[in-house]
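Chain and residue survey
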Amino acid sequence: MKAAIRVEKLSVSFAGKHVIRHLSLEIASGGPTFLVGRSGSGKTTLLRALNRLNECLPGCATSGQVELRLGEQWVDAYAATTNVENLRRRVGMVFQSPNVLPLSILRNIEMPLKVALSLPADEAEARAEQALREVHLWDEVKDRLSQAASTLSGGQQQRLCLARTLALRPQILLLDEPTASLDFKAAQRIEDLLLELKSRYTLLVVSHSLGQARRIAESLFVLHDGERIEALSKDVFQDRDALFSVMDELI
Ligand SMILES: Nc1ncnc2c1ncn2[C@@H]1O[C@H](COP(=O)(O)OP(=O)(O)O)[C@@H](O)[C@H]1O
Ligand SMILES: [Mg+2]
């Protein structure tokens, strides 16, 4: 296994209360690697620790080590010399509900490119088209790029959010229940997309759907609580009964 993320003795607390304590794990490049566990077990907090998004939240303290393989280099996420903006671009995140900006479809992708990367307009436009093609949204929106992103369906909005993240050229993608707010068909499209993207990006997906995990996960972790994480082998998590019995113990 070629590792892409190494977590060593990670602890995260909010206002002094530990949510994650001394957690260690290693995530392979490619994937998708799935992370499942009951609500409140710390899945979102663990994802946010990988690209230092927890630091944006009040009262949060993090210790331990997170190393990320970005290109051929290992980067210590919490080193004083690490540029946080750059790190967050290379370790992109997609959230449970599509968080489109109150802008046009095209500006949703162009804006971060111009603000974060200072790309000139023509380059930003070219990258936006490329990203929209990558998520198979281009043909659906190419004649309405200046319309508000909010006029898209939920599934289209989620693919737009994915395109916005991809346009920043990340190497690792963190997806926090990306299909939870979508109907079956829209969720299916995201699943198909994840299978396409896994050859180009390392994918770490939090999912509430064990069926989805069985269909597309390459590896799977169960977060029992903030202190205990278990890697299940593929023959266990692809066996419906075995997987459900592990999950039953959680509830
Ligand atoms: N910003 C925050 N401030 C305070 N507590 C938080 C914050 N985010 C998460 N927590 C707490 O951390 C625990 C784990 O939350 P979370 O990581 O969202 O779990 P999950 O994604 O598995 O449902 C919860 O008890 C939650 O209340
Ligand atoms: Mg969560």
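Please refer to the structure placed before this passage.
Right, let's walk through the structure included here.

1. Quick look at the side chain of E177
- Tracing the backbone shows E177 in the loop between strand 7 (172-176) and helix 7 (184-197).
- Within the buried core, E177 has no salt-bridge partner, and the shortest N-O distance to an opposite charge, that of K43, equals 4.7 Å.
- Contacts of E177, omitting those with residues within four sequence positions, involve K43, Q96, V206 and H208.

2. Points about the site of ligand 1
- Taken together, F14, V19, R38, S39, G40, S41, G42, K43, T44, T45, R48 and L57 make up all the residues around ligand 1.
- At 2.5 Å from an oxygen atom of ligand 1 is found a side-chain nitrogen or oxygen belonging to T45.
- A total of 560 Å² of accessible area belongs to ligand 1 in isolation, and the protein chains cover 61% of it.
- Examining the composition of the shell around ligand 1, we find that four residues originate from one element, helix 1 (residues 43-50), more than from any other.

3. Focus on the pattern of salt bridges
- Counted by the stated rule, this structure contains twelve salt bridges.
- Of the charged contacts, one joins R52 and E55 as a salt bridge, the two residues approaching to 2.7 Å between their closest N and O atoms.
- On the accessibility criterion, R52 (11% relative accessible area) is buried.
- E55 gets classed as partly exposed once you look at its relative accessible area, which sits at 39%.
- Here R189 makes a salt bridge to E140, at a shortest N to O gap of 3.1 Å. Note that R189 is positioned in helix 7 and E140 in helix 5 (residues 138-141), a separation of 49 residues in sequence.
- Residue classification places E140 among the partly exposed positions, given a relative accessible area of 31%.
- Three or more residues joined by partner-sharing salt bridges are found here, namely R6, E26 and E67.

Scoring rules and cut-offs
- Residues numbered from 1 in each chain as written.
- Chains lettered and ligands numbered in written order.
- Predicted model: local features only at pLDDT ≥ 70, side-chain atom pairs only at ≥ 80, totals over all residues.
- Heavy atoms only, no water.
- Helix = DSSP H or I, 4+ residues; strand = E, 2+ residues; numbered from the N terminus.
- Buried < 20%, exposed > 50% of the residue type's maximum accessible area, 1.4 Å probe, protein only.
- Lys, Arg positive; Asp, Glu negative; His and termini not counted.
- Salt bridge = Lys/Arg side-chain N within 4 Å of Asp/Glu carboxyl O.
- Contact = heavy atoms within 4.5 Å.
- Near = heavy atom within 4 Å.
- Polar contact = N/O pair within 3.5 Å; in protein donor to acceptor, adjacent residues only side chain to side chain.
- Areas by Shrake-Rupley, 256 points an atom, 1.4 Å probe, with all protein chains shown as cover.

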